[in-house]
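# Structural overview for review
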Amino acid sequence: MSFDEMDVDTIWMDGEFVDWDDANIHVLTHGLHYGTGVFEGVRCYDTENGPAIFRWEEHLDRLYESCKPYDLEIQHDPEELTEATKELIRRQDLGGCYIRPIAYYGYDSLGVSPGDCPTETTIAAWPWGAYLGEDALENGVEVMVSSWRKHSSSQIPTNAKTTGLYVNSLLAGEEARRNGFVEAIVLNKEGNVAEGPGENIFLVRDDEIYTPGLAESILDGITRDTVITLAEEMGYTVHDDATISRGELNTADELFFTGSAAEVTPIRQVDNVEIGNGSRGPVTEEIQTAFFDLVERRTDDHEEWFEYVEE
Ligand SMILES: Cc1ncc(COP(=O)(O)O)c(C=O)c1O
């Protein structure tokens, strides 16, 4: 859905709440030219106790960590970003929504070296439904193994959520969609399974769960961590340091994506091969149910993962 169709009117920009239509930056902003920004994608869920931001602390930690390789220096402490985000949700009367904090090199000069470019920080929030569609959550998606490989973590820090990284995600995702698929799977430089363009990936085989390890050039996903925790609590053996070959995708009992945007999305087909019986598998469904019960607060478990917006 286009922003123009949404009932949103405010964006937080470095300490100010600005009208949505006035939230502008200069065309010579460093981050626009060189992809020198870091960002987060966070979901806030509508619960009985009002809007609750899921794993906000971990997202904030990752935002500040992502700054490190680029020497970006967010000029606001975590408490200020937290207050700004809650106020943004309150002011716009949002219930469930998606939150997008971003910090980037701003306007001063345009050498690749950022020189005196300031680190600018903004936060926006808007309603956002199921990332790959409502149908995807229930019936799963068809995905294509992209011909684009993921950059290796020796070429660019893949554990930092950097704006520039997402041109690779765009290439992979759009290639898949041009070929009639919903999403891509991206292999790493070694040819093993890394992740989706904006998702981590899990494989189920013989009732055990596997996900590529951090050395496979993946983002250290917060939903990945959530699912590992939930699955272990449910009694599953989770191999969270796996190396998964391309061929193992085809013979998996089940596959699913995880991500703040994608939540827990089953994968029903890879290229021309149906996975399992070609629909959402039982382990995926069990984990998906546990995940939505958790984030929509139908359980009291993991209260520590929620930041409530109302006082
Ligand atoms: C490349 C990539 N991998 C994995 C993920 C999943 O991470 P998280 O669960 O923290 O949203 C994302 C989304 O942020 C992503 O962009």
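It should be emphasised that the depicted structure is a prediction, and the values quoted were computed from it without experimental measurement. (Residues numbered from 1 in each chain as written. Predicted model: local features only at pLDDT ≥ 70, side-chain atom pairs only at ≥ 80, totals over all residues. Heavy atoms only, no water.)

## What to know about the domain arrangement of the protein
Threshold: As annotated, the domain borders come from an automatic or database domain assignment. Whether two residues are in contact is decided by their heavy atoms, any of which lying within 4.5 Å being enough. Buried area is understood as the total, over both parts, of accessible area removed when two parts are fitted together, assessed with a 1.4 Å probe. What counts as a salt bridge is simple: a side-chain nitrogen of Lys or Arg found within 4 Å of a carboxyl oxygen of Asp or Glu. In protein, a polar contact requires one atom able to donate a hydrogen and another able to accept it; more generally it is a pair of N or O atoms within 3.5 Å, and residues adjacent in sequence count only if both atoms are side-chain atoms.
What the domain assignment lists for the protein is domain 1 (3-126) and domain 2 (134-295). Computed over C-alpha atoms only, the centres of domain 1 and domain 2 are separated by 26 Å. In this complex, domain 1 contributes 20 residues to the contact, which on the side of domain 2 involves 21 residues. Buried area between domain 1 and domain 2, both sides added, is near 1,700 Å², and the carbon and sulfur share of it is 59%. Where domain 1 packs against domain 2, one counts two salt bridges. The closest approach of N and O atoms between arginine 43 and glutamate 263, which form a salt bridge, is 3.5 Å. Inspection of the region where domain 1 meets domain 2 yields 13 residue pairs in polar contact (both at pLDDT 80 or more).

## Details of a nonpolar patch on the surface
The criterion, for reference: To count toward a patch, a residue needs a relative accessible area over 30% and no salt bridge; like charges are then connected within 9 Å, while nonpolar side chains (Val, Leu, Ile, Met, Phe, Trp, Tyr) are connected within 5 Å. Where accessible areas are quoted, they stem from the Shrake-Rupley method and a 1.4 Å probe; at the residue level, only the protein chains shown are allowed to cover. Segments assigned H or I by DSSP are reported as helices when at least four residues long, segments assigned E as strands when at least two residues long, and all are numbered from the N terminus. For every residue, the accessible area (1.4 Å probe, protein chains only) is compared with the maximum for its type, and the residue is labelled buried under 20%, exposed over 50%, or partly exposed between those bounds.
Among the surface-exposed residues, Val27, Leu28, Leu32 and Tyr107 lie close enough to one another that they form a single nonpolar patch of about 420 Å² accessible area. Tracing the backbone shows leucine 28 in the loop between β2 (16-19) and α1 (30-34). Exposure remark for leucine 28: the relative accessible area of 38% places this residue in the partly exposed category.

## With respect to the environment of tyrosine 64
Topologically, tyrosine 64 is positioned in helix α2 (residues 56-67). Residues tyrosine 64 and alanine 160 lie 96 residues apart in sequence; the distance between their C-alpha atoms is 9.4 Å. Contact partners of tyrosine 64, with chain neighbours within four places excluded, come to Ile74, His76, Asp77, Pro78 and Leu81.

## Quick look at unusual backbone geometry
Not every positive phi belongs to a glycine, and aspartate 71 is a case in point at roughly 60°. Looking at the secondary structure, you find aspartate 71 in the loop between α2 and α3 (78-91). Although it is not a glycine, aspartate 207 adopts a positive phi angle of roughly 65°. Looking at aspartate 207, the relative accessible area reads 51%, which means it is exposed.

## Considerations on helix α5 (residues 166-178)
Which entries qualify depends on this criterion: Multiplying 1.5 Å by the helix residue count minus one yields the expected span of that helix. Think of the arc as the fan of directions from the helix axis to the C-beta atoms.
Spanning 13 residues, α5 covers 18 Å between terminal C-alpha atoms, matching the ideal 18 Å at 1.5 Å per step. For α5, the full list of buried residues reads Asn168, Ser169, Ala172, Gly173, Glu175 and Ala176. For α5, the buried positions fall inside an angular range of 160° around the axis, keeping them on one side. In α5, the exposed positions that point more than 90 degrees away from the buried face belong to Val167, Leu170 and Arg178. Next to the buried residues of α5 lie β8 (141-145) and β9 (183-187). Among the residues trailing α5, glycine 180 stands out with phi positive, at a value near 90°.

## Quick word on the environment of aspartate 240
Turning to its location among the elements, aspartate 240 is positioned in strand β13 (residues 238-242). Its relative accessible area of 36% is what places aspartate 240 among the partly exposed residues. With 29 residues separating them in the primary sequence, aspartate 240 and threonine 211 have C-alpha atoms 5.0 Å apart. Each residue touching aspartate 240, except ones within four places of it in the same chain, is listed here: Thr211, Pro212, Gly213, Arg224 and Ile228.

## Looking at the packing of α2 against α3
Selection criterion: Think of each axis as a best-fit line through the C-alpha atoms, taken over the contacting stretch in the case of a helix, with angles from 0 to 180 degrees between the N-to-C directions. Oblique is the label for every angle not falling under 35 degrees (roughly parallel), over 145 degrees (roughly antiparallel), or within 65 to 115 degrees (roughly perpendicular). The crossing is said to be left-handed when, going from far helix to near helix, the turn is anticlockwise and less than a right angle, and right-handed when the turn is clockwise. Here the term charged refers only to Asp, Glu, Lys and Arg, the term nonpolar to Ala, Val, Leu, Ile, Met, Phe, Trp, Tyr, Cys and Pro, and the term polar to all other amino acids, Gly among them.
The contact between α2 and α3 brings their axes to 11 Å, and the two run at 125°. Classified by the angle between their axes, α2 and α3 sit oblique to one another. The handedness of the crossing between α2 and α3 is right-handed. Within the contact between the two elements, α2 uses Trp56, Leu60, Leu63 and Tyr64 and α3 uses Pro78, Leu81, Thr82 and Thr85. Taken together, the residues of the contact of α2 with α3 break down into six nonpolar, two polar and no charged.

## Focus on the packing of helix α6 (residues 222-233) against helix α8 (residues 282-295)
Their axes nearest at 10 Å, the elements α6 and α8 cross at an angle of 110°. Taken together, α6 and α8 sit at an angle that is classed as roughly perpendicular. Across the interface between the two elements, Thr223, Thr226, Val227, Leu230 and Ala231 of α6 pack against Ile287, Ala290, Phe291 and Leu294 of α8. A per-class count over the contact of α6 with α8 returns seven nonpolar, two polar and no charged.

## A word on the site of the ligand
The cut-off we apply is this: If even one non-hydrogen atom of a residue comes within 4 Å of a molecule or strand, that residue is called near it.
Near the ligand lie 15 residues; those nearest to it are Tyr166, Glu195, Ile222, Thr223 and Ser260. Separating an oxygen atom of the ligand from a side-chain N or O atom of threonine 223 is a distance of 2.6 Å. Relative to its free-state accessible area of 380 Å², the ligand is covered by the protein chains to the extent of 94%. Elements represented by at least two residues in the shell around the ligand include exactly α6 and β14 (254-259). Per-class residue counts for the shell around the ligand are four nonpolar, seven polar and four charged.

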